[in-house]
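A look at the structure
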Amino acid sequence: METTDTFAALLRSHGFRATEARMELLRLLARADRPISPAELVRRIGTRANQATTYRSLEAFSDAGLVRRVNMEHQHAHYEFSTSDTEHHHHIICRTCGLVEHVDGCAISDRSPTLLRHSKQFRRIESHALEFFGTCTACTTKTSSVPVGRAKRFVGAKKTLTH
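In short, a report on the structure. Starting afresh in each chain, residues are numbered from 1 along the sequence in its written order. A pLDDT threshold of at least 70 governs which residues receive local features in this predicted model, and a stricter bar of 80 or more applies before side-chain atom pairs are shown or counted, although totals over entire chains, interfaces and linings include all residues. Side-chain measures here rest on the full set of heavy atoms in the structure, leaving out hydrogens and waters.

1. So, the packing of helix 2 (residues 20-31) against helix 4 (residues 51-64)
We apply this condition: Helix axes are fitted only over the stretch in contact, all axes being lines through C-alpha atoms; the angle between N-to-C directions runs from 0 to 180 degrees. We count a stretch as a helix when DSSP gives it H or I for four or more residues in a row; a strand needs E for two or more, and each element gets its number in order from the N terminus. Here roughly perpendicular refers to angles of 65 to 115 degrees, roughly parallel to angles under 35, roughly antiparallel to angles over 145, and oblique to all remaining angles. By the definition used in this description, the sense in which the near helix is turned from the far one sets the handedness, with an anticlockwise turn below a right angle giving left-handed and a clockwise turn giving right-handed. Pairs of residues are marked as contacts when any of their non-hydrogen atoms sit within 4.5 Å. Side-chain classes follow a simple rule in which Ala, Val, Leu, Ile, Met, Phe, Trp, Tyr, Cys and Pro form the nonpolar group, Asp, Glu, Lys and Arg form the charged group, and the remainder, Gly included, forms the polar group.
Interaxial distance between helix 2 and helix 4 falls to 11 Å at its minimum, and their mutual angle equals 65 degrees. By the angle class used here, helix 2 and helix 4 are roughly perpendicular. Between helix 2 and helix 4 lies a crossing whose hand is right-handed. Where helix 2 approaches helix 4, its residues R22, L25, L26 and L29 are matched on the opposing element by T54, S57, L58 and F61. A per-class count over the contact of helix 2 with helix 4 returns 5 nonpolar, 2 polar and 1 charged.

This is the structure we're talking about:
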């Protein structure tokens, strides 16, 4: 899905004008190996689109199902390319270094009937988002080699010192 014509057709099929800035935004997200913050997208796009256009486009694309908003426990959203052709997946995110790994497949969807039986207010589940947070192998190895009382652990956006 890397051609300009493909992105233009995708935008038009969702009711958007196929501007160069919108196509570049989708191209960057489609090529990314992890969810990207709007600020990083603004930096990568450069002068082809301003910050307001980028943020508005991301929100509109998210509403249309072209991109997916991902919660990485930062103070802002991250986005990834997501259409009906892309595989539904989740992420495991290292709280220390920020490594993101895609987890293919989803057993959560199979749990919808059980969840609904326990719900008092809902009769239908339309979608879900699930991210896992932990420590990657490399960071676990680094942390275990640091003397006790010296290991640093990052929780969300705050640094905390463990003793």
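2. So, the nonpolar core
Quick note on the threshold: In this text, buried Ala, Val, Leu, Ile, Met, Phe, Trp, Tyr and Cys residues form a nonpolar core when linked through side-chain atoms within 4.5 Å. Burial classification: accessible surface area is computed with a 1.4 Å probe over protein chains only, and a residue below 20% of its type maximum counts as buried, one above 50% as exposed, and the rest as partly exposed.
Counting 22 residues, the largest nonpolar core has L11, L26, L29, L41, F61 and L66 as its most contacted members. Put simply, the parts of the chain that give this core at least two residues each are helix 1 (4-13), helix 2, helix 3 (38-45), helix 4 and strand 2 (78-81). It is helix 2 that contributes the most residues to this core, 6 residues altogether. Filtering out sequence-adjacent residues up to four positions away, L11 remains in contact with F16, R17, A18, R22, M23, L26, F61 and L66.

3. Section: helix 4
Rules: A helix's residues, less one, multiplied by 1.5 Å, set its expected span. Directions are taken from the helix axis to each C-beta atom, and the arc is the one they span.
Taking 1.5 Å of rise per residue, the 14 residues of helix 4 would be expected to cover 20 Å, and the 20 Å separating its terminal C-alpha atoms lies within 8% of that figure. Inspection of helix 4 places T54, S57, L58, F61 and S62 among the buried residues, and these make up the whole buried set. Here the buried residues of helix 4 occupy an arc of 130 degrees about the axis, which is enough to place them on one side. Facing away from the buried surface of helix 4 by more than 90 degrees, the exposed residues are R56 and D63. On the buried face of helix 4, the contacting elements are helix 1, helix 2, helix 3, strand 1 (67-70) and strand 2. Just downstream of helix 4, G65 is the residue with a positive phi angle, here 85 degrees.

4. So, the packing of helix 3 against helix 4
Packing of helix 3 against helix 4 leaves a shortest axis separation of 10 Å and a crossing angle of 125 degrees. Between helix 3 and helix 4, the angle falls in the class oblique. Here the hand of the crossing between helix 3 and helix 4 comes out right-handed. Contact residues: P38, A39, L41, V42 and I45 in helix 3; Q51, T54, Y55 and L58 in helix 4.

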